[in-house]
Amino acid sequence: MPELPEVETTVRGLARYLEGERIVRAKVNRPDMRRPFPPDLVQMLTGARVTGLGRRAKFGLVHTDRQQTLVFHLGMSGRWRIDPAHEDRHDHFVIETATHRFALCDPRRFGWVDLVPTDDLAAWPSFAGMGPEPLGDELTVEHLRMALRGRRQAIKLLLLDQRIVAGLGNIYVCEALFRARIDPRKAGGQVSRAALARLVPAIREVLEQSIADGGSTLRDYARPDGELGYFATRFDVYGREGEPCRRADGGTIRRVVQGGRSTWFCPRCQR
Ligand SMILES: [Zn+2]
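Residues numbered from 1 in each chain as written. Predicted model: local features only at pLDDT ≥ 70, side-chain atom pairs only at ≥ 80, totals over all residues. Heavy atoms only, no water.

Trainee: Explain a nonpolar patch on the surface here, please?
Mentor: A cluster of nonpolar side chains, contributed by Met-1, Met-76 and Phe-110, occupies part of the molecular surface with about 280 Å² of accessible area. Structurally, Met-76 can be placed in the loop between strand S4 (68–73) and strand S5 (79–82). Among the residues examined, Met-76 registers a relative accessible area of 30% and is labelled partly exposed. (Patch = residues over 30% accessible without salt bridge, like charges linked within 9 Å, V, L, I, M, F, W, Y side chains within 5 Å. Areas by Shrake-Rupley, 256 points an atom, 1.4 Å probe, with all protein chains shown as cover. Salt bridge = Lys/Arg side-chain N within 4 Å of Asp/Glu carboxyl O. Helix = DSSP H or I, 4+ residues; strand = E, 2+ residues; numbered from the N terminus. Buried < 20%, exposed > 50% of the residue type's maximum accessible area, 1.4 Å probe, protein only.)

Trainee: Explain unusual backbone geometry to me, please; I cannot follow it from the model alone.
Mentor: Peptide bonds are trans in most cases, and residues, glycine excluded, mostly fall at negative phi. Phi at Ala-57 is positive, roughly 50 degrees, even though this residue is not glycine. Structurally, the position occupied by Ala-57 is in the loop between strand S2 (50–56) and strand S3 (59–64). Here Arg-109, not a glycine, exhibits a phi torsion of approximately 60 degrees, which is positive. Tracing the chain through its elements places Arg-109 in the loop between strand S7 (101–105) and strand S8 (112–117).

Trainee: Help me understand the coordination of the zinc ion, please; the structure alone is not making it clear to me.
Mentor: Expected angles at a metal are 109.5 degrees for tetrahedral coordination by four donors and either 90 or 180 degrees for octahedral coordination by six donors. Taken together, Cys-245 (SG), Asp-249 (OD), Cys-266 (SG) and Cys-269 (SG) make up the protein donors of the zinc ion, found 2.0 to 2.3 Å from the metal. Relative to the metal, the four donor atoms surrounding the zinc ion lie at angles of 97 to 119 degrees, and the coordination shape comes out tetrahedral. Within one chain, the residues serving as donors to the zinc ion are arranged as C-x3-D-x16-C-x2-C. Remark: Cys-269 occurs in the segment after strand S11 (261–265) and Cys-245 occurs in the loop between strand S9 (226–227) and strand S10 (254–258); sequence separation between them is 24 residues. An identical accessibility class is assigned to Cys-245 and Cys-269; each is buried. (Donors = N, O, S within 2.8 Å, 3.2 Å for Na, K, Ca; no water. Tetrahedral: all angles 85-135°; square planar, octahedral: opposite > 155°, others 65-115°.)

Trainee: When you look at the nonpolar core in this model, what are you seeing that I'm missing?
Mentor: Considering soluble globular proteins, one finds that nonpolar side chains tend to be buried as a cluster. By size, the foremost hydrophobic cluster in this structure holds 29 residues, and its most contacted members are Leu-144, Leu-159, Ile-182 and Leu-199. Of all the secondary-structure elements, those providing two or more residues to this core are helix H3 (141–148), helix H4 (155–160), helix H5 (170–179) and helix H6 (193–216). Ranked by residues supplied to this core, first place goes to H6 with nine residues. In contact with Leu-144, other than residues within four places in its own chain, are Leu-139, Leu-159, Ile-164, Val-165, Leu-196, Leu-199 and Val-200. Counting 26 residues, the second-largest nonpolar core is a separate cluster that includes Met-33, Leu-70, Phe-72 and Val-113. (Core = buried A, V, L, I, M, F, W, Y, C linked by side-chain atoms within 4.5 Å. Contact = heavy atoms within 4.5 Å.)

Trainee: Mind showing me how you'd approach the pairing of S11 here?
Mentor: On a regular strand, one side chain projects to one face of the sheet and the next to the other, so that they alternate. Within S11, four of the five residues are buried, leaving the element largely enclosed by the surrounding structure. Summarising the sheet, S10 and S11 pair through five bridges and their orientation is antiparallel. For Arg-255, the partnering residue across the bridge sits in S11 and is Trp-264. Hairpin connection between S10 and S11: a loop of two residues separates the two successive antiparallel strands, and Gly-259 in this loop has a positive phi of roughly 60 degrees. (Pairing = 2+ DSSP bridges.)

Trainee: What is the right way to look at the side chain of Glu-3 in this model?
Mentor: Assignment of secondary structure puts Glu-3 in the segment before helix H1 (4–18). Despite its burial, Glu-3 pairs with no opposite charge, the nearest such side chain being Lys-58 at 4.0 Å. Setting aside residues no more than four positions away along its own chain, Glu-3 makes contact with Lys-58, Leu-168, Gly-169, Asn-170, Ile-171 and Tyr-172. (Lys, Arg positive; Asp, Glu negative; His and termini not counted.)

Interpretation note: all reported values are geometric properties and have no functional meaning in isolation.
Structure representation (structure tokens):
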């Protein structure tokens, strides 16, 4: 499932070929993905010039000179294929420039796209009320302190709440809590200011390291049939139940279930 680093890598990969280019053709191959395609999608994109790309939480943004922004979510299995050699039956949405072809392929169809007036993006339902970007300057120790104050829910679950921090998924919350040496089961309001001061840079570091891993695979996208969005990265706790802690502190990585999802942590160094 694509997390923030995969989406960021995808956006950077698309930007290489799309930025400044005119969309000469757009096509939908079915009426919907997880949600229906906007009825004016093809008309609004055809002939538009891409002025820039961006990301908000786990959504990719393609801004156009018509003051409309194409918003895409990769769902569980979505990816963009650049210059695919063959059409795939899961290519649901296709755009073309004079030189390249981009297909949004999504076998499970949990992904979706929307078209939003660029000026209205902040009020778009999925973005309204969303917390700060984890890689931006707005995520501060003070923001977390205020957002977590008095909260009895586990810090792990609170960090997955998009109103507190945008775009953090299960994997990177586990990794950041390990790096900051915070017990994921601890009540949010009980996490000390010193621990939060470790957590903010830890969140940035785990995401940036993964984005760097994704970036190092970007050169592969130059080949025909290149696919954006998936790459291997090294995790400290995620999926490592029963294995020794990388801090070599004698701890063994444990898995517990919180809010219906797995959490991995080292009970020795995460307090
Ligand atoms: Zn440990």
